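# Fold and contact review
Okay, here's what each chain looks like letter by letter:
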Amino acid sequence: MNILLLGSGGREHAIAHKIAQSPQCSQLYIAPGNAGTAAEGENVALDMMDFEAVGAFALDHRVEMLVVGPEAPLVAGIADHFAATPALKHIMVIGPSKQGAMLEGSKDYAKAFMQRHAIPTARYQTFTADTLAEGERFLETLQAPYVLKADGLAAGKGVLIEPDLATAKAHLREMLGGKFGDASASVVIEEYLDGIELSVFVLTDGNHYLVLPEAKDYKRIGEGDTGLNTGGMGSVSPVPFADKAFMKKVEDRIVKPTVRGLKEEHIDYCGFIFIGLMNCGGDPYVIEYNVRMGDPETESVFPRIKSDVVHLFEQAAQGNLDGCTLEVDSRTAACVMMVAGGYPEGYRKGDTIDLGEENDVQVFHCGTKRDADGRLLTAGGRVICTTALASTLPEALLKSYYRANNIVWEGKYLRRDIGQDLLKIIQEG
Ligand code: AMP
Ligand code: GLY
């Protein structure tokens, strides 16, 4: 089977690495890819938002499966474009329809969906510039801290957690006044959930589902979870507090009603559901849905999947996931992200990377490229990450950090405390 994977991050390198191992994959194309994916298949210079160009490439190269990494093409309707184009509709698309992608594309849509299907989530209301006064009154009924969310996609920056009422009101006014452009024309205000966060991943055919390994992500730039938000500075899978009993609650209260809800509402959905959860005293609440895998969670989740992912994708596209089981490596995966100096603000690009000595730790590329002479250069904020598997979390961390320390470039930065909060949880039993 010829497969085309869209995206260019560490997530796509980790997905490409698994696809390339499948006996069912004869040729893998990655568009646009990075220097790491070039070693798993052939990178193609395609604009993934140009659906005509993606479709033309797929036809020319007899692509039979399209795997969509990031949300933007899904929210813009790439799956619908393939389904509605006679020459393309035989191609299996791993990624939901435009309507399914609204679960990520609109926070108000996602909250209303959860409410319709009695899925546990924070109490909320949505406001526009016309209802600013009601929004202020709703804030007065809540307690600090206050959570404001731009309805639309805002490059991961659309959520504000405000310490006091005056700031919350001021920022509500700014958001409705266009702080995030169209994305904040509507703003969701919701109750603050106090707990530990966790990322749960589901592969669904729109009717049946498989729960993939869960992971924990480290979002802030600074140690101890301080400083600016980033795309993610590391991840760990499995998550010690997500034991069988907790994951059963997640499946019964969240995964099942979500998949049932999609089906009841006749929403075409073949792909991933990424459920951002808060564990509040042992009970799971949904913070958000994403319609794709997480980055850098994929870099610790996919290395633990032993099953042939191309087979699973094919079964999902055919609506046959009920006949599938998932084989998971019981070891712990720890992923450490290395970023360019200055990230997540203005950062350096074009520095030469020395990859150091290879060992059994996986190195996934994020923002990298090769110049005309084949030299490996930094080309993004998150540059490269290392994922180690070991029978315990401390060992996995040790191996991952050891490998990360051997990768060098000017200005490289990494957090030294990935997984430390989980070690504490393990020690405290
Ligand atoms: P999101 O963009 O929806 O992932 O939100 C960004 C981050 O804000 C989440 O990862 C949480 O850490 C935090 N957050 C969002 N909603 C809430 C909430 N209701 N209570 C507490 N924290 C939240
Ligand atoms: N790691 C969080 C995300 O991919 O959105």
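About the thresholds
Residues numbered from 1 in each chain as written. Chains lettered and ligands numbered in written order. Predicted model: local features only at pLDDT ≥ 70, side-chain atom pairs only at ≥ 80, totals over all residues. Heavy atoms only, no water. Near = heavy atom within 4 Å. Polar contact = N/O pair within 3.5 Å; in protein donor to acceptor, adjacent residues only side chain to side chain. Areas by Shrake-Rupley, 256 points an atom, 1.4 Å probe, with all protein chains shown as cover. Nonpolar A, V, L, I, M, F, W, Y, C, P; charged D, E, K, R; others polar. Axes fitted to C-alpha atoms, helices over the stretch in contact; angles between N-to-C directions. Helix = DSSP H or I, 4+ residues; strand = E, 2+ residues; numbered from the N terminus. Parallel < 35°, antiparallel > 145°, perpendicular 65-115°, else oblique. Left-handed = near helix turned anticlockwise from the far one by under 90°. Contact = heavy atoms within 4.5 Å. Expected span 1.5 Å × (residues − 1). Buried < 20%, exposed > 50% of the residue type's maximum accessible area, 1.4 Å probe, protein only. Core = buried A, V, L, I, M, F, W, Y, C linked by side-chain atoms within 4.5 Å. Pairing = 2+ DSSP bridges. Disulfide = S-S within 2.5 Å.

### Some thoughts on the site of ligand 2
Surrounding ligand 2, one finds Asp 217, Gly 231, Phe 274, Arg 292, Gly 294, Asp 295, Pro 296 and Glu 297. Between ligand 2 and the protein, one listed contact pairs a nitrogen atom with a backbone N or O atom of Asp 295 at 2.9 Å. The contact in question runs from a nitrogen atom of ligand 2 to an N or O atom on the side chain of Glu 297, over 2.7 Å. Relative to its free-state accessible area of 200 Å², ligand 2 is covered by the protein chains to the extent of 86%. When the residues that make up the shell around ligand 2 are grouped by side-chain class, the tally is 2 nonpolar, 2 polar and 4 charged.

### Quick look at the packing of helix α12 (residues 393-405) against helix α13 (residues 420-427)
For the pair α12 and α13, interaxial distance at closest approach is 10 Å and the crossing angle is 160°. As far as their axial angle goes, α13 and α12 are roughly antiparallel. Between α12 and α13 the crossing geometry is left-handed. Residues Leu 393, Pro 394 and Leu 397 of α12 pack against Gln 420, Leu 422, Leu 423 and Ile 426 of α13. Residue classes in the contact of α12 with α13 are distributed as 6 nonpolar, 1 polar and no charged.

### Remarks on helix α1 (residues 10-21)
With 12 residues, α1 ought to run about 16 Å at 1.5 Å a step, and its terminal C-alpha atoms sit 17 Å apart, in line with that. Restricting attention to buried positions, one finds in α1 the residues Gly 10, Arg 11, Glu 12, His 13, Ala 14, Ile 15, Ala 16, Lys 18 and Ile 19.

### Focus: the site of ligand 1
In the vicinity of ligand 1 lie 14 residues, with Glu 190, Glu 191, Leu 193, Glu 197 and Glu 288 positioned nearest. In the model, an oxygen atom of ligand 1 is placed 2.7 Å from a nitrogen or oxygen of the Glu 288 side chain. When ligand 1 is considered free in solution it has 480 Å² of accessible area, and contact with the protein chains removes 87% of it. Broken down by secondary-structure element, the contributors of at least two residues to the shell around ligand 1 are β7 (146-150), β8 (159-162) and β17 (283-290). Residues that form the shell around ligand 1 fall into these classes: 7 nonpolar, no polar and 7 charged.

### Let's talk about the nonpolar core
Judged by nonpolar contacts, the single largest core of 84 residues is most densely connected at Leu 66 and Ile 275. Excluding its chain neighbours within four sequence positions, the residues that come into contact with Ile 275 are Leu 198, Ser 199, Val 200, Val 202, Ile 254, Val 255, Val 286, Glu 288 and Tyr 289. Of all hydrophobic cores here, the second largest spans 32 residues; its members include Ile 30, Phe 272, Leu 312 and Ala 316.

### Let's talk about the environment of Ile 19
In this fold, Ile 19 is placed in helix α1. Judged by relative accessible area, Ile 19 falls into the buried class, the value being 0%. Sequence separation of Ile 19 and Ala 388 is 369 residues, and the distance between their C-alpha atoms is 19 Å. In this structure, Ile 19 is in contact with Ile 3, Cys 25, Leu 28, Val 67, Val 309, Val 310 and Phe 313, ignoring residues within four places of it in sequence.

### Observations concerning the sheet that holds strand β2 (residues 27-32)
Sheet strands line up and pair through hydrogen bonds in the backbone, either parallel or antiparallel. Taken in spatial order, the 5 strands make up an open sheet running β3-β2-β1-β4-β5, and their pairing is parallel. The open sheet is flanked by β3 (42-43) and β5 (92-94), the only strands paired with a single partner. For β2 and β3, the ladder comprises 2 bridges, and the chain directions are parallel. Considered in β3, the bridge of Ile 30 is made with Asn 43.

### Comments concerning the state of the cysteines
Across all of its chains, the model carries 0 disulfides by this definition. Take Cys 270: it sits in no disulfide, and the sulfur closest to it among the cysteines is that of Cys 324, at 11 Å. For Cys 270, a relative accessible area of 14% translates into the label buried.

### With respect to the environment of Gln 427
Among the structural elements, Gln 427 can be located in helix α13. For the pair Gln 427 and Lys 306, spaced 121 residues apart in sequence, the C-alpha separation works out to 29 Å.

### Notes on helix α11 (residues 309-317)
Of all 9 residues that make up α11, 7 are buried, and the element is covered over most of its length. Within the sequence span of α11, burial applies to Val 309, Val 310, Leu 312, Phe 313, Glu 314, Gln 315 and Ala 316. One side-chain oxygen of the residue at the start of α11 lies 2.9 Å from the amide nitrogen of Val 310, identifying that residue as Asp 308. Taken from the residues just after α11, Gly 319 is the one with a positive phi, measuring 75°.

### Some remarks on unusual backbone geometry
Following Ala 144, the chain continues into Pro 145 via a peptide bond in cis, with omega recorded as -10°. Tracing the chain through its elements places Pro 145 in the loop between α7 (132-141) and β7. A positive phi angle, near 50°, is found at Arg 62, a position not held by glycine. Looking at where Arg 62 falls in the secondary structure, it is placed in the loop between α2 (51-60) and β4 (63-68). Its relative accessible area of 67% is what places Arg 62 among the exposed residues. Its identity is not glycine, yet His 266 carries a phi of approximately 55°, on the positive side. Secondary-structure assignment places His 266 in the loop between α9 (244-264) and β16 (271-280). Residue classification places His 266 among the exposed residues on the basis of a relative accessible area of 70%.

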